[in-house]
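# Chain and residue survey
Here is how the chains run, residue by residue.
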Amino acid sequence: MKTKRKLADLVSVGSRTVEDFRTLGITSVEQLRSQSADQLYNRMCRKLGKRVDPCQHDIFRAAIEQAKHPNLPLERCQWWYWSNVRKGLKKE
């Protein structure tokens, strides 16, 4: 039987990001699968009342991609991969 992945099992997701997901109402990888990094990032900024470090957007994106694609290549699991995509330095 396959073990169900937890948010903390995802590459680039530490305890702080798990807490951020909880703040946004996300408690499982299954819930994360249908999310948008743009929407999560904007919601986090509104909740905190300030602009959050844009790298948080990249962490959200890395986590969402892993939720959608369990066999995602390790390079694409890293938040900095998505930072380079966001900055236009890499293509998806």
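About the thresholds
Residues numbered from 1 in each chain as written. Predicted model: local features only at pLDDT ≥ 70, side-chain atom pairs only at ≥ 80, totals over all residues. Heavy atoms only, no water. Helix = DSSP H or I, 4+ residues; strand = E, 2+ residues; numbered from the N terminus. Expected span 1.5 Å × (residues − 1). Buried < 20%, exposed > 50% of the residue type's maximum accessible area, 1.4 Å probe, protein only. Arc of directions from axis to C-beta. Polar contact = N/O pair within 3.5 Å; in protein donor to acceptor, adjacent residues only side chain to side chain. Axes fitted to C-alpha atoms, helices over the stretch in contact; angles between N-to-C directions. Parallel < 35°, antiparallel > 145°, perpendicular 65-115°, else oblique. Left-handed = near helix turned anticlockwise from the far one by under 90°. Contact = heavy atoms within 4.5 Å. Nonpolar A, V, L, I, M, F, W, Y, C, P; charged D, E, K, R; others polar.

Our focus in this paragraph is helix 3 (residues 37-48). Given 3.6 residues to a turn, an α-helix orients residues that are three or four positions apart in the same direction. The first and last C-alpha atoms of helix 3 sit 16 Å apart over 12 residues, in line with the 16 Å expected at 1.5 Å per residue. Taken together, the buried positions of helix 3 are occupied by Ala37, Leu40, Tyr41, Met44 and Cys45. Seen from one end, helix 3 has its buried residues packed into an arc of 135 degrees, which puts them on one side. Turned more than 90 degrees off the buried face of helix 3, the exposed positions are Gln39, Arg46 and Lys47. The opening residue of helix 3 is Ser36, an N-cap whose side-chain oxygen sits 3.3 Å from the backbone nitrogen of Asp38. At the C-terminal side of helix 3, Gly49 shows a positive phi close to 70 degrees.

This paragraph deals with the packing of helix 3 against helix 4 (residues 55-68). One can describe the packing of helix 3 onto helix 4 by two numbers: an axis separation of 9 Å at closest approach and a directional angle of 140 degrees. Taken together, the axes of helix 3 and helix 4 are oblique relative to one another. Here helix 3 and helix 4 pass one another in a crossing that is right-handed. Contacts between helix 3 and helix 4 involve Ala37, Asp38, Leu40, Tyr41 and Met44 from the first element and Gln56, His57, Phe60, Arg61 and Ile64 from the second. A class-by-class count of the residues in the contact of helix 3 with helix 4 yields 6 nonpolar, 2 polar and 2 charged.

This brings us to the environment of Gln35. Relative to the assigned elements, Gln35 resides in the loop between helix 2 (29-32) and helix 3. Apart from the residues within four sequence positions on either side, Gln35 is in contact with Ile26, Leu40, Arg43, Ile64 and Lys68. A distance of 3.4 Å separates the side chain of Gln35 from the backbone oxygen of Gln31, its partner in a polar contact.

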